[in-house]
Amino acid sequence: MIAVIDYEAGNLTSVSRALSHIGVDNIITSDVRQIAAAERVIFPGVGAAGAAMASLIRLGLDTAIRRAVADGKPVLGICLGTQIILETSRENQAACLGVIAGSVPAFSESFQEKGITGLKIPHMGWNRIQLKTDHPVFAGISPADEFYFVHSYYPQPANLDQVIATTDYGIAFPSVIGKNNLVATQFHPEKSGAPGLTILKNFSNWQPC
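These numbers come from a predicted model, not from an experiment.

Peer 1: Which residues make up helix 4 (residues 61-70), and what values go with them?
Peer 2: Listed as buried for helix 4 are Leu-61, Asp-62, Ala-64, Ile-65, Ala-68 and Val-69. Buried residues in helix 4, looked at end-on, bunch into an arc of 165°, giving them a common side. On its buried face, helix 4 is in contact with strand 1 (2-5), helix 2 (32-37), strand 3 (40-43), helix 3 (49-59) and strand 4 (75-78). Just downstream of helix 4 lies Gly-72, where phi reads positive at about 85°.

Here it is as structure tokens:
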């Protein structure tokens, strides 16, 4: 059973439907006991970092996520869930979960620093990923596969060894990060067609060392 964490941050039904489509039992829940009992956890989300962190703390889910990671349970972050596993976000100047050391910069600031103009923010639509390392969750993914993005901020781990894949949008930004039993995608696998379903299926079978 996969627990899809409900912290009032959207896109939960699409994740649950994608899992059901590939025959994976799942439950959308904000109950810390159900999360603790689940075999693995998906931490999705859309919206703003500050509001998301406030909801997580109010519901006690910040502790539940940290515990799932610490216990070695397979955990998948998606979109906003990928950003707020880091320490801080430029969005709302939010203090985040700190499961991975690093921060969440804004495209607008990064583009300004590098003199990049003409690219729309948010980064929205289909784009490829460039895998930097082999990872079981991305088995069967081709360099030509495209994934659906919609975001104005991006994850930046302090340890570059925790960058699993990058994507080019003006800059080469980390689009998949992770360590040990945690993996997180800036894109939405549940909205990315067959390649996204492959990732979800791989995650549902992943046994981290």
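From this point, things continue past the structure.
Peer 1: Outline the pairing of strand 13 (residues 171-179), supporting the account with residue identities and numerical values.
Peer 2: Of all the 9 residues making up strand 13, 7 are buried; the element is thus mostly covered by neighbouring parts of the structure. Sheet topology places strand 12 (residues 163-169) next to strand 13; 6 bridges connect them, and they run antiparallel. If you follow Tyr-169 over to strand 13, its bridge partner there is Ile-171. Counted between consecutive antiparallel strands, the loop separating strand 12 from strand 13 contains 1 residue, among which Gly-170 sits at a positive phi close to 80°.

Peer 1: Outline the packing of aromatic side chains, listing residues and values.
Peer 2: Taken as a whole, this structure holds 12 aromatic pairs when the rule is applied. Pairing Phe-107 with Tyr-154 gives two aromatic rings, centres 5.0 Å apart and planes at 35°, and the pair type is tilted. Placement of the pair is Phe-107 in helix 6 (residues 107-114) and Tyr-154 in the loop between strand 10 (146-151) and strand 11 (156-157), with a sequence separation of 47 residues. The residues Phe-107 and Tyr-154 share a single accessibility class, namely buried. An aromatic cluster is built from Phe-107, Phe-111, Phe-147, Phe-149, Tyr-154, Tyr-169, Phe-173 and Phe-187, whose rings are joined through pairwise contacts.

Cut-offs applied
- Residues numbered from 1 in each chain as written.
- Predicted model: local features only at pLDDT ≥ 70, side-chain atom pairs only at ≥ 80, totals over all residues.
- Heavy atoms only, no water.
- Buried < 20%, exposed > 50% of the residue type's maximum accessible area, 1.4 Å probe, protein only.
- Helix = DSSP H or I, 4+ residues; strand = E, 2+ residues; numbered from the N terminus.
- Arc of directions from axis to C-beta.
- Contact = heavy atoms within 4.5 Å.
- Pairing = 2+ DSSP bridges.
- Phe/Tyr/Trp six-rings, centres within 6.5 Å; stacked < 30°, edge-to-face > 60°.

The quantities given are spatial measurements derived from coordinates; they are silent on function.
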